[in-house]
Amino acid sequence: MWDVAEELKAMLVFAEHRYYGKSLPFGVNSFKDSRHLNFLTSEQALADFAELIQHLKTTIPGAENQPVIAIGGSYGGMLAAWFRMKFPHLVVGALAASAPIWQFEDLVPCGTFMEIVTTDFRKSGPNCSECIRRSWDAINRLARTGPGLHWLSEVLHLCTPLTNSQDVQHLKDWIAETWINLAMVDYPYESNFLQPLPAWPIKVVCQYFKNPNVSDAQLLQNIFQALNVYYNYSGQARCLNISETATRSLGSLGWSYQACTEMVMPFCTNGIDDMFEPSSWDLQEFSDGCFRQWGVRPRPFWITALYGGKNISSHTNIIFSNGDLDPWSGGGVTKDITDTLVAVTIPDGAHHLDLRANNAFDPKTVLLARSLEVKYMKQWIRDFYASLRGKH
């Protein structure tokens, strides 16, 4: 983004989403209850961006007759695409990087996401995903023995010892989320998007998963070494905290509420096509969990009603880019829909790699993707100025 902005002589504006960071509409009470959270929706966020663009155009000298392009990655990419759909008079186009706009209802199979995670691990070491697949039963067997919980807590260097079966489930969920996060940030160079990590972190993790036929105890020691790559690459962690999987600044509280209202994304596993314990998508169970936490029930069909689901061919000028290592690509647009709703696929690319700053270790695939994205943007800008001249 930074490099492209310079090339296009553009101003980069980062708009903070309401309820994230410092943009708290009710200050310390913003997350107090569902009444205060009522205004945390994608529609309200898009309206904020519309207001902001109009404000900038009227207050920044020279900005009034200039084109605007929406750019975002992940949820921000979804917003960029949706913004172009809803406010085509305010932005000439959108780059929606790693934007899973189809991860809703049954638009894509609920198992695809975890299958991509598994493929990343399988490609990074011959027995890697198989070792992880076997680890869940190993944890269950060890947890059932008398001293097992204490042993697991010690071997995994957990900050808080495991005391019951609920803790064990929490541990397994936390480990699974760690593998998912590694798939998202499997970048070709050192990075610290979710945690400080080495280059190609899954390859580093898979060094500890070479033989699936080891004892349960050995497998769990290997799991600890692998987790340590993610949680202790900097060497600063004294113990592993199973309540945290990412750095604290990503606003997981706001996202948790959004996932319980609009952003209802079905995920499931079967333990055969993926390396996780089998788990079906149960909307009722999900809804009950949301009600316990937030006092709200999800609206699973609202996003497709609002933004069109797969029926979006009437829109124009949106680039959907996806890295094939990124599990979110499973819910993304990976084939051209029309000649102006285009898909850019990035082999060896993880989560919105194309939006990150240029790096000497970038694979050629992402350099190609970026040049293609810029080509489309330049066309949008030319079209904008041509229509402006036509009006005068």
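As a reminder, the structure under discussion sits directly above these lines.
First things first, this report covers the structure right here in the doc. Here the residue index of a chain counts from 1 through its sequence in written order. Predicted model: local features are reported for residues with pLDDT of at least 70 only, side-chain atom pairs are reported and counted for 80 or more only, and whole-chain, interface and lining totals are derived from all residues. Just so you know, side-chain values use all the structure's heavy atoms and leave hydrogens and water out.

Glancing now at the overall build of the protein chain. Check the secondary structure of the protein chain and you find 14 helices and 4 strands. Two things to know: the radius of gyration comes from C-alpha atoms, and the globule rule equals 2.2 Å times the number of residues to the power 0.38. Against the globule reference of 21 Å for 392 residues, the protein chain gives a C-alpha radius of gyration of 22 Å, in line with a compact fold. Dimensions of the protein chain, computed from the C-alpha atoms along their principal axes, are close to 80 × 50 × 40 Å. Taken over 392 residues, the protein chain has a buried fraction of 49%. Residue pairs at least 24 apart in sequence account for 69% of intrachain contacts in the protein chain once pairs closer than 6 positions are excluded. By definition, any uninterrupted DSSP run of H or I lasting at least four residues is a helix, any uninterrupted run of E lasting at least two residues is a strand, and each is numbered from the N terminus. With a 1.4 Å probe rolled over the protein chains alone, any residue whose accessible area is under 20% of its type maximum counts as buried; one over 50% counts as exposed, and the rest are partly exposed. We call two residues in contact when some of their heavy atoms are within 4.5 Å.

Right, let's talk about the state of the cysteines for a bit. Defined by distance alone, a disulfide is two cysteine sulfur atoms within 2.5 Å. Within the structure shown, the criterion is met by 4 disulfides. Bridging C128 to C206, the disulfide has an S-S length of 2.0 Å. An S-S torsion of about -85° defines the bridge between C128 and C206 as left-handed. Residue C128 is located in helix α6 (residues 128–144), and its partner C206 is located in helix α9 (residues 201–206); the two are separated by 78 residues in the primary sequence. As far as the burial class goes, C128 and C206 line up, both buried. Across the disulfide, C159 is cross-linked to C239 (sulfur-sulfur distance 2.1 Å). Around the S-S axis, the bridge from C159 to C239 shows a dihedral of about 100° and counts as right-handed. Placement of the pair is C159 in the loop between α7 (148–155) and α8 (165–184) and C239 in the loop between α10 (216–231) and α11 (252–259), with a sequence separation of 80 residues. The partly exposed category is assigned to C239, whose relative accessible area is 33%.

To pair, rings of Phe, Tyr and Trp, with the six-membered ring standing in for Trp, must have centres within 6.5 Å; the planes then decide the type, stacked if under 30 degrees apart, edge-to-face if over 60, and tilted in the middle. Throughout the structure, instances matching the rule amount to 19 aromatic pairs. Between F83 and F87 the ring centres are 4.9 Å apart and the planes differ by 25°, which places this aromatic pair in the stacked class. For F83, a relative accessible area of 3% gives the class buried. Taking 5.2 Å as the distance between ring centres and 45° as the angle between the ring planes, the aromatic pair formed by W281 and F286 counts as tilted. Feature note: the residues F49, F83 and F87 constitute an aromatic cluster, connected by ring pairs. Counting as a charge over the ring demands two things of the Lys NZ or Arg CZ atom: a distance within 6 Å of the ring centre and an angle within 35 degrees of the ring normal. The ring of Y187 carries the charged tip of R356 above its face, separated from the ring centre by 4.3 Å.

Glancing now at the packing of α11 against helix α12 (residues 283–294). To obtain an axis, a line is fitted to C-alpha atoms, over the contacting stretch when the element is a helix, and the angle between two such axes runs from 0 to 180 degrees between their N-to-C directions. Contact geometry of α11 with α12 gives a least axis separation of 10 Å together with a crossing angle of 130°. As far as their axial angle goes, α12 and α11 are oblique. Relative to α12, α11 is oriented so that their crossing is left-handed. Of α12, the residues touching α11 (which contributes L253, S256, Y257 and A259) are F286, Q293 and W294. Between 65 and 115 degrees an angle is taken as roughly perpendicular, under 35 as roughly parallel, over 145 as roughly antiparallel, and anywhere else as oblique. Two helices that cross are described as forming a left-handed crossing if the nearer one is turned anticlockwise from the farther one by less than a right angle, and a right-handed crossing if clockwise.

Any two side chains of opposite charge can pair, on the condition that their charged atoms come close. Criterion for a salt bridge: a side-chain nitrogen of Lys or Arg within 4 Å of a carboxyl oxygen of Asp or Glu. Enumeration over the complete set of coordinates arrives at 8 salt bridges. Across the pair E277 and K172 runs a salt bridge whose closest N-O atoms are separated by 3.1 Å. Highlighted residues: E277 in the loop between α11 and α12 and K172 in helix α8, separated in sequence by 105 residues. Here D362 and R370 are joined by a salt bridge, their closest N and O atoms 2.8 Å apart. Across the pair, exposure class does not vary: D362 and R370 are buried alike. Where salt bridges share partners, they join E130, R133 and R134 into one cluster.

Most of strand β2 (residues 93–97) sits out of view: 5 of its 5 residues are buried. Of the two faces of β2, the one lined by G93, L95 and A97 and the one lined by A94 and A96 are each fully buried. Should DSSP find at least two bridges between two strands, the strands are regarded as paired. In this sheet, β2 lies alongside strand β1 (residues 69–73) in parallel orientation, the contact comprising 5 bridges. The residue bridging G73 from the neighbouring strand is A97, located in β2.

With that settled, consider α8. With 20 residues, α8 ought to run about 28 Å at 1.5 Å a step, and its terminal C-alpha atoms sit 29 Å apart, in line with that. Here a polar contact is recorded for every N or O atom pair within 3.5 Å, except that within protein the pair must consist of a potential hydrogen donor and a potential acceptor, and residues adjacent in sequence are included only if both atoms are side-chain atoms. At the N-terminal boundary of α8, the capping side chain belongs to N164, with an oxygen 3.1 Å from the backbone nitrogen of Q166. By definition here, a helix of n residues has an expected span of 1.5 Å times n minus one.

Note that D362 resides in the loop between β4 (341–346) and α14 (364–391). For D362, a relative accessible area of 9% corresponds to the buried category. Of note is the side chain of D362, whose polar atom sits 2.9 Å from the backbone nitrogen of N359. Looking at D362, its side chain comes within polar contact range of the side chain of R370, at 2.8 Å. Once residues lying within four places of it in the same chain are set aside, the contact partners of D362 are Y189, L353, A357, L367 and R370.

Next up on the list: the nonpolar core. Of all hydrophobic cores here, the largest spans 103 residues; its most connected members are W82, F83, F121 and W179. If we ignore the near neighbours within four places in the chain, the residues touching W179 are V117, F121, I132, W136, V205, F209, I223, A226, L227, M275 and F276. Nonpolar core, defined: a set of buried Ala, Val, Leu, Ile, Met, Phe, Trp, Tyr and Cys residues in which side-chain atoms within 4.5 Å join the residues together. Judged by nonpolar contacts, the second largest core, of 9 residues, contains L37, C260, C290 and W294.

Taken N-terminus to C-terminus, the directions of α8 and α10 make an angle of 55°; their axes are 11 Å apart at the nearest point. If you check the angle between α8 and α10, you find them oblique. Crossing handedness for the pair α8 and α10: left-handed. Between α8, through W174, I175, T178, W179, N181 and L182, and α10, the contact on the second element is made entirely by I223, A226, L227, Y230 and Y231. Residues that form the contact of α8 with α10 fall into these classes: 9 nonpolar, 2 polar and no charged. When residue character is reported, Ala, Val, Leu, Ile, Met, Phe, Trp, Tyr, Cys and Pro are called nonpolar, Asp, Glu, Lys and Arg charged, and the others, Gly included, polar.

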